[in-house]
Amino acid sequence: MIMKFGCSKTTVLRAIEQLERDGLVYSKQRIGYFFTLKNNQCIILRKPNISTSRSDQINELLYYNPKNGMYNYSNAVLDKSLAPHSYIQKCLRAIITGSSSFEEEFIPSPGLPSLRNRLSFLMVNRGIHCHADDILITSGDTQSLGTILKNVINQNSKILLVVPCYYGIIQFIESNKLPAVTIPLSDTGDEIDILNLEKILKTENIGLFYINPTIHNPTGRTLTTHTRNSIYKLMKTYQIPILEDDIFYDLMVGPDRPKPFKSIDDDNIVIYFSSFSKTLSPGFRVGWCLPGKFRKEIFGAELLNNSTVSSITQKILDEYLKRGYYTPHIVYLQSVFKKNNQFMKDLIAMRSENILSYTPPTAGFIHWIKLNKEFNMETYRKYCLSNKTFVPSGNIFFLDKTNTNFVRLCTGLKMNKKDITNLTFLINSLKNHLS
Ligand SMILES: Cc1ncc(COP(=O)(O)O)c(C=O)c1O
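Computed from a predicted structure; not experimentally measured.

A.B. asks: With reference to specific residues and values, describe the nonpolar core.
C.D. replies: Membership of the largest hydrophobic core comes to 57 residues, with the highest contact counts inside it found for L161, F209, Y210, I242, I271 and L317. Of the residues forming this core, the biggest block, five residues, is contributed by strand β7 (residues 206–211). Inspection of this core shows a minimum of three residues originating in each of domain 2 (56–83 + 328–434) and domain 3 (86–326). The residues contacting I271, other than those within four sequence positions of it, are I148, V152, P241, L243, E244, C289, P291, G292 and F294. In this structure, Y71, I247, Y249 and L423 belong to the second largest nonpolar core, which totals 32 residues.

A.B. asks: Mind laying out the sheet that holds strand β12 (residues 366–371), listing which residues take part and the relevant values?
C.D. replies: The strands that make up a sheet pair up through hydrogen bonds in the backbone, lying either parallel or antiparallel. Reading across from one edge, β11-β12-β14 is the order of the three strands in this open sheet, with antiparallel pairing throughout. With one partner strand each, in any of the chains shown, β11 (356–358) and β14 (406–410) form the two edges of the open sheet. Pairs of neighbouring strands in the sheet enclose a mean axial angle of 25 degrees, with direction left out of account. Examined bridge by bridge, β11 and β12 share three bridges and lie antiparallel to one another. Across the sheet, the residue bridging to S357 is K370, located in β12.

A.B. asks: How would you explain the environment of I192 if you had to name every residue and give the values?
C.D. replies: Along the chain, the position of I192 falls in the loop between β6 (180–184) and α8 (194–203). According to the C-beta neighbour criterion, I192 is partly exposed, with 19 such atoms within 10 Å. Taking the C-alpha atoms as reference points, I192 and R228, separated by 36 residues in sequence, lie 9.2 Å from one another. Excluding residues that lie within four positions of it along the chain, I192 makes contacts with V162, I183, L185, S186, L197, T227 and I231.

A.B. asks: Before we move on, could you go through the site of the ligand and cite the residues and values that matter?
C.D. replies: Within the structure, the ligand sits among 14 residues, and G140, D141, T142, S275 and S277 are positioned closest to it. The element contributing the most residues to the shell around the ligand is helix α6 (residues 140–151), with three residues. Among the residues forming the shell around the ligand, the class breakdown is four nonpolar, eight polar and two charged.

Cut-offs and rules
- Residues numbered from 1 in each chain as written.
- Predicted model: local features only at pLDDT ≥ 70, side-chain atom pairs only at ≥ 80, totals over all residues.
- Core = buried A, V, L, I, M, F, W, Y, C linked by C-beta atoms within 7 Å.
- Buried ≥ 20, exposed ≤ 12 C-beta atoms within 10 Å, placed from the backbone.
- Helix = DSSP H or I, 4+ residues; strand = E, 2+ residues; numbered from the N terminus.
- Domains from an automatic or database assignment.
- Contact = placed C-beta atoms within 7 Å.
- Pairing = 2+ DSSP bridges.
- Axes fitted to C-alpha atoms, helices over the stretch in contact; angles between N-to-C directions.
- Near = placed C-beta within 6 Å.
- Nonpolar A, V, L, I, M, F, W, Y, C, P; charged D, E, K, R; others polar.

This is the structure in structure tokens:
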């Protein structure tokens, strides 16, 4: 190889190392390097399709990315260009060198004590004062949601949802055939009609109220402190548990950011949960839950199921928080999103001409655009698909799927020229399909 390519031995060895890291070759001691068999490689190819069912659209939303030939600004995940790779690697190295058996250890539920301790300190920034013993480590927000919905609500009562809402909870409700009632979020995304809420509480048998109050998914907006206080007062009066999904909280900026329901919860009716999916990486699958007065049910269910989170991941995050890497990383994300949001605000203002309604988010990376005129979503989606861009219908965020006149775009990424062109294309074609 040295002769054939005219390079040094170090370069050849480095190239082989890279191939090994990419899984294309493997080594056998004292024999040499071998190509990985082709059929060991897992390549999934699917034809781009216009699907209308909620589950198909969500599968596609999670699947499409430039690697499989499709641009996708519809997935509310943190792009890997913003994950703190080198710092995570440092933490992993420290764990490997510091322990001879780190990979064998099993950490039972409720999770690594030192990580739970650090999370209790993180909660102080959110105005929540709790003890490490109050915290359960979960496999992301999704595990908290599932455990709570299965173990807290009593059989004859209904779940109250603010719509539009995160499709994950709708999927859970639909697949488990749970009864649910909805209440709309105001058009600006920061209020709920309190009189209407009280009417629902009086007339329906509500067992649980689910809310994602800060950087709400899919509107990107945040409930005001005034609205939070009014909602809490009502829930306390009617003794309805609040399921507070606060996955985006750390992306909020400034001292005036509204505090979680949990911070005013003097009656312990709030079940609070959050995760690192929107700030570090969804791949870690690490979240946490403060179950309030439902501690026995929720901790008990997790112990019974032997549910736990990979010990290596818990240790990496524990080390990451211990070294103080989290706060500067959050400040960095906030600054990237501030720039991205300004770009979206200018872009939409420039093209909208009153046919699009859009209230820019104050933080985070979710943009919720309402189409004010008659609009054929399927034609728009087909047109985008033929231009290698995937967009689901806004109706996946509504329980009854009747509202199609919305598009959610997400900019949780370090934008490059191509992203700017693609987002401009998406907004321009929205406008063209309207008029
Ligand atoms: C509001 C909301 N809750 C929960 C989740 C699921 O999060 P996790 O990856 O931590 O399971 C998401 C992910 O998009 C979300 O937006």
